[in-house]
Amino acid sequence: MLTPKSSRPTPERLLDAAETLMRTIGLANTTTKAIAREAGCSEAALYKHYANKEELFVRVLMERTPNAGPLMGELARDHAERSVEEGLTAIARHASLFYADAMPMAASLFAEPALLTRHREGVQEIGTGPHVVRDALTGRLRRELERGRLRPDADPEAAAALLLGACFQRAFFLHFSGPEVVPPVEEFAPAVARTLWAAIR
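K.L.:
Before we go on, may I ask you to explain the overall build of the protein chain in this structure?
P.N.:
A tally of helices and strands in the protein chain yields ten helices and zero strands. Sequence-ordered secondary structure for the protein chain, helices as α and strands as β, is α-α-α-α-α-α-α-α-α-α. A principal-axis box enclosing the C-alpha atoms of the protein chain has dimensions of 55 × 40 × 35 Å. Across the 201 residues in the protein chain, those meeting the buried criterion constitute 43%.

Now the structure itself:
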């Protein structure tokens, strides 16, 4: 049985509203006033629960996109019992799907430099940003280096950038050129992981 909108806690209603608007009209066109109206509350109530629109965007990304949780879980987990290549494959799969889901919501920001600047400042204000995924993978690879599972001269930060950059590029091609120009994620993730692993093992 569905819970009536009005009986849901205000933070949840605001998050629901933010997700609906960001997915339908884009992040650039979604204002705090519109989110509050969609949620059936005042803009002042929104600011009691969230620092700014950017916090809502990050929460939508991390809590409402299906691969965000599994991606961050893979990045944080200690998989000493599993091969590095298997771990990289799982990360590449989740990252590819996460970026594909996030890109349409965020793309509208790039249409107007002033909006992008405001978004960047808002994200910095709450101490987060897209770099946290790269930093988490860098940390994961550093731990593998310390275990002796990577070659001694492997660069964890460069390796993280290569893997995630490939995943982000796949999402870009998927949305701008269509699914026929990218391999299915089930083929793409192991191929990218295998290629990176060949360079750093």
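What follows continues from the structure just given.
K.L.:
Mind showing me how you'd approach a nonpolar patch on the surface here?
P.N.:
A cluster of nonpolar residues, Phe172, Phe173, Phe176 and Val181, forms a patch on the protein surface that exposes about 390 Å² of accessible area. Mapped onto the fold, Val181 is located in the loop between helix H9 (156-177) and helix H10 (185-200). The exposure class assigned to Val181 is partly exposed, which follows from its relative accessible area of 44%.

K.L.:
Help me understand the nonpolar core, please; the structure alone is not making it clear to me.
P.N.:
Buried together is how nonpolar side chains tend to be arranged in soluble globular proteins. Met22, Ile35, Leu88 and Leu137 are the most contacted members of the largest nonpolar core, which has 52 residues in total. Elements with a minimum of two residues in this core: helix H1 (10-24), helix H2 (32-39), helix H4 (53-64), helix H5 (68-76), helix H6 (84-106), helix H8 (131-146), H9 and H10. The element best represented in this core is H6, accounting for twelve residues. Apart from the residues within four sequence positions on either side, Leu137 is in contact with Leu75, Leu88, Ile91, Ala160, Leu163 and Leu164.

K.L.:
Looking at this structure, how should I read the packing of aromatic side chains?
P.N.:
Given two aromatic rings, one states the distance between the centres and the angle between the planes to describe the pair. For the structure shown, the criterion picks out four aromatic pairs. Between Tyr99 and Phe168, the ring centres sit 5.3 Å apart and the planes meet at 75 degrees, which makes this aromatic pair edge-to-face. Of this pair, Tyr99 sits in helix H6 while Phe168 sits in helix H9, and the two are 69 residues apart along the sequence. Residue Phe168 is classed as partly exposed on the basis of its relative accessible area, which comes to 43%. A connected cluster of aromatic rings, assembled from ring pairs, spans Phe98, Tyr99 and Phe168. Over the ring of Phe188 we find Arg170; its NZ or CZ atom is 5.8 Å from the centre of that ring.

K.L.:
Please clarify how the side chain of His94 should be interpreted in this entry.
P.N.:
Following the sequence through the fold, His94 ends up in helix H6. A polar contact of 2.9 Å, which involves the side chain of His94, links it to the side chain of Asn67. Other than its neighbours up to four places away in sequence, His94 contacts Asn67, Pro70, Leu71 and Glu74.

K.L.:
I keep staring at the pattern of salt bridges and nothing clicks. Help me out?
P.N.:
Note that side chains of opposite charge can pair when their charged atoms are close. All told, the structure shown has 15 salt bridges when counted by the stated rule. A salt bridge links Arg64 to Glu19; the shortest N-O distance between them is 3.0 Å. Residue Arg64 is found in helix H4, and its partner Glu19 is found in helix H1; the two are separated by 45 residues along the sequence. Overall, the relative accessible area of 18% leaves Glu19 in the buried class. The closest approach of N and O atoms between Arg149 and Glu144, which form a salt bridge, is 2.9 Å. Residue Arg149 is classed as partly exposed on the basis of its relative accessible area of 24%. Look at the salt bridges and you will find they share partners, linking Arg8, Glu12, Asp16, Glu19, Arg23, Arg64 and Asp101 into a network.

So, how was this worked out
Residues numbered from 1 in each chain as written. Predicted model: local features only at pLDDT ≥ 70, side-chain atom pairs only at ≥ 80, totals over all residues. Heavy atoms only, no water. Helix = DSSP H or I, 4+ residues; strand = E, 2+ residues; numbered from the N terminus. Buried < 20%, exposed > 50% of the residue type's maximum accessible area, 1.4 Å probe, protein only. Patch = residues over 30% accessible without salt bridge, like charges linked within 9 Å, V, L, I, M, F, W, Y side chains within 5 Å. Areas by Shrake-Rupley, 256 points an atom, 1.4 Å probe, with all protein chains shown as cover. Salt bridge = Lys/Arg side-chain N within 4 Å of Asp/Glu carboxyl O. Core = buried A, V, L, I, M, F, W, Y, C linked by side-chain atoms within 4.5 Å. Contact = heavy atoms within 4.5 Å. Phe/Tyr/Trp six-rings, centres within 6.5 Å; stacked < 30°, edge-to-face > 60°. Lys NZ or Arg CZ within 6 Å of the ring centre and 35° of its normal. Polar contact = N/O pair within 3.5 Å; in protein donor to acceptor, adjacent residues only side chain to side chain.

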